[in-house]
Amino acid sequence: MQARLEDVTMRDMRERATRDSPLVIRGMTVAYDRKPAVFSVDATFRSGRITGIIGPNGAGKSTLLRAALGIVKPLAGQATFFGRTLAGSRDRVAYVPQRASVDWDFPARVVDVVAQGLYRRLGLLGRFGRDHEDMVMAALERVGMADFSARQIGQLSGGQQQRVFLARALAQDAMLYLLDEPFAGVDAATERAIIKVLKALRSEGRTVVAVHHDLSTVEEYFDDVLVMNVRKISDGPVGVAFTQEALDTAYGGRLERGMRDPQKTRA
């Protein structure tokens, strides 16, 4: 009887954790030209944690995030945010896309790009006032870009552009931040600035999920990991899921024992 009660209690706790999770993905499957890019992936991302999604090129990491957000249409599966659909949780979710996917020739100032993070709060006819200007500048301050507020976005370096897009997400004041390759192609100073911001968000009780390539920094940057190569291979706390066995499976045995940065790239 006691064991049965404990089983019921544990099941209730798991169900409650899933229901309250910032992001739960179930059975997510996506295909391009009939070839699976993501196949039947289940994942629960824990609140107040920084989670890295890792795996080789073509593993479906970015596709998984984009499918969860409805940017690409899955063949099967679903994602819930804080126990609701994305439509019911958009004000709590911020997304930073890959820098390479953005048209940097668009003639916009840095301050205008960051202000886009306030549009949902303002509404279609909302008036942009002094308080909103302060929010924009505060977000730029957090990423070290306040002095560039009047600069055209296309005139910035790659690292500076990435900081601006992170500032736009910060302006949303979200509870869940989804970042697709936030460290790709940036300088060391920008990488340090970004991870400092992400850890500050965690200390505020917010949740961060980031697609990541550099295996050498996983243990330093993340609390949890999802290791995948089209399918999920392992997930959970870094100390449990980020194992040599999981990496060998994800990378097809191409890693030497103890090697943690097989691609030597941030792309």
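Residues numbered from 1 in each chain as written. Predicted model: local features only at pLDDT ≥ 70, side-chain atom pairs only at ≥ 80, totals over all residues. Heavy atoms only, no water.

Now for helix 7 (residues 188–203). Over its 16 residues, helix 7 runs 23 Å from end to end, which matches the ideal 22 Å to within 8%, given 1.5 Å per residue. Regarding helix 7, the residues found buried are Thr190, Glu191, Ile194, Ile195, Val197, Leu198 and Leu201. Down the axis, helix 7 shows its buried residues gathered within 155° of arc, on one side only. Helix 7 presents Arg192, Lys196 and Ser203 as exposed residues on the side facing more than 90 degrees away from its buried surface. (Helix = DSSP H or I, 4+ residues; strand = E, 2+ residues; numbered from the N terminus. Expected span 1.5 Å × (residues − 1). Buried < 20%, exposed > 50% of the residue type's maximum accessible area, 1.4 Å probe, protein only. Arc of directions from axis to C-beta.)

Moving on to the sheet that holds strand 4 (residues 76–80). Taken together, 3 strands build an open sheet; the order of strands is 2-1-4 and the sheet is antiparallel. With partners counted over all chains shown, the strands left at the sheet margins are strand 2 (35–45) and strand 4, one partner each. Mean inter-strand twist for the sheet, computed between neighbouring axes without regard to direction, equals 20°. In this structure, strand 1 (residues 23–32) lies alongside strand 4, joined through 4 bridges in antiparallel fashion. Counterpart to isoleucine 25 in the pairing with strand 4 is alanine 79. Relative to strand 1, helix 2 (residues 61–68) is tilted by about 115°, and along the sheet it contacts strand 1, strand 2 and strand 4. (Pairing = 2+ DSSP bridges. Axes fitted to C-alpha atoms, helices over the stretch in contact; angles between N-to-C directions. Contact = heavy atoms within 4.5 Å.)

Residue position: aspartate 224 is located in strand 8 (residues 224–229). There is a polar contact of 2.9 Å between the side chain of aspartate 224 and the side chain of arginine 46. Look past the residues within four positions of aspartate 224 in its chain and what remains in contact with it is Arg46, Arg49, Ile50, Thr51, Gly52, Gly236, Pro237 and Val238. (Polar contact = N/O pair within 3.5 Å; in protein donor to acceptor, adjacent residues only side chain to side chain.)

Using the criterion set out here, one finds 8 salt bridges in the structure. Aspartate 112 is the salt-bridge partner of arginine 109, the closest N and O atoms lying 3.0 Å from each other. Taking relative accessible area as the criterion, aspartate 112 reaches 30% and is therefore assigned partly exposed. Salt bridges sharing partners connect three or more residues here, namely Arg142, Asp173, Glu204 and Arg206. (Salt bridge = Lys/Arg side-chain N within 4 Å of Asp/Glu carboxyl O.)

This brings us to empty space enclosed by the protein. Overall, the coordinates contain 1 cavity of 30 Å³ or more when judged by the stated rule. What the largest cavity holds in volume is close to 50 Å³. Contributing to the lining of the largest cavity are 10 residues, with Glu181, Phe183, Ala184, His212 and His213 lying nearest its centre. Taken together, the residues of the lining of the largest cavity sort by class into 4 nonpolar, 2 polar and 4 charged. (1 Å grid on protein atoms, 1.4 Å probe; cavity = no way out; pocket = protein on both sides within 12 Å on 5 of 7 lines; lining within 4 Å. Points joined across faces, edges and corners; volume = space filled by probe spheres on them. Nonpolar A, V, L, I, M, F, W, Y, C, P; charged D, E, K, R; others polar.)

What follows concerns the pairing of strand 2. Pairing of strand 1 with strand 2, which is carried by 7 bridges, proceeds in the antiparallel orientation. Residue pairing for strand 2: valine 24 is matched across the bridge by threonine 44. Hairpin connection between strand 1 and strand 2: a loop of 2 residues separates the two successive antiparallel strands, and aspartate 33 in this loop has a positive phi of roughly 50°.

Spatially, 5-6-7-3-8-9 is the arrangement adopted by the 6 strands of the open sheet, whose pairing is mixed. Strands at the two margins of the open sheet, each flanked by one partner only, are strand 5 (93–96) and strand 9 (231–237). Between one strand axis and the next, the sheet turns through 15° on average, direction left out of account. For strand 8 and strand 9, the ladder comprises 6 bridges, and the chain directions are antiparallel. The residue bridging aspartate 224 from the neighbouring strand is proline 237, located in strand 9. Here helix 7 sits on the sheet and contacts strand 3 (50–54), strand 6 (176–180) and strand 7 (207–211); the angle it forms with strand 3, its principal contact strand, is near 130°.

The next subject is the packing of aromatic side chains. Summed over all chains, the structure comprises 2 aromatic pairs. Between phenylalanine 183 and tyrosine 221 the ring centres are 5.2 Å apart and the planes differ by 40°, which places this aromatic pair in the tilted class. Note that phenylalanine 183 is positioned in the loop between strand 6 and helix 7 and tyrosine 221 in helix 8 (residues 218–221), a separation of 38 residues in sequence. The class for phenylalanine 183 is buried, based on a relative accessible area of 4%. Centre to centre, the rings of tyrosine 221 and phenylalanine 222 are 6.3 Å apart; their planes meet at 75°, and the pair counts as edge-to-face. A connected cluster of aromatic rings, assembled from ring pairs, spans Phe183, Tyr221 and Phe222. A cation sits over an aromatic face here: arginine 92 above phenylalanine 82, 3.8 Å from the ring centre. (Phe/Tyr/Trp six-rings, centres within 6.5 Å; stacked < 30°, edge-to-face > 60°. Lys NZ or Arg CZ within 6 Å of the ring centre and 35° of its normal.)

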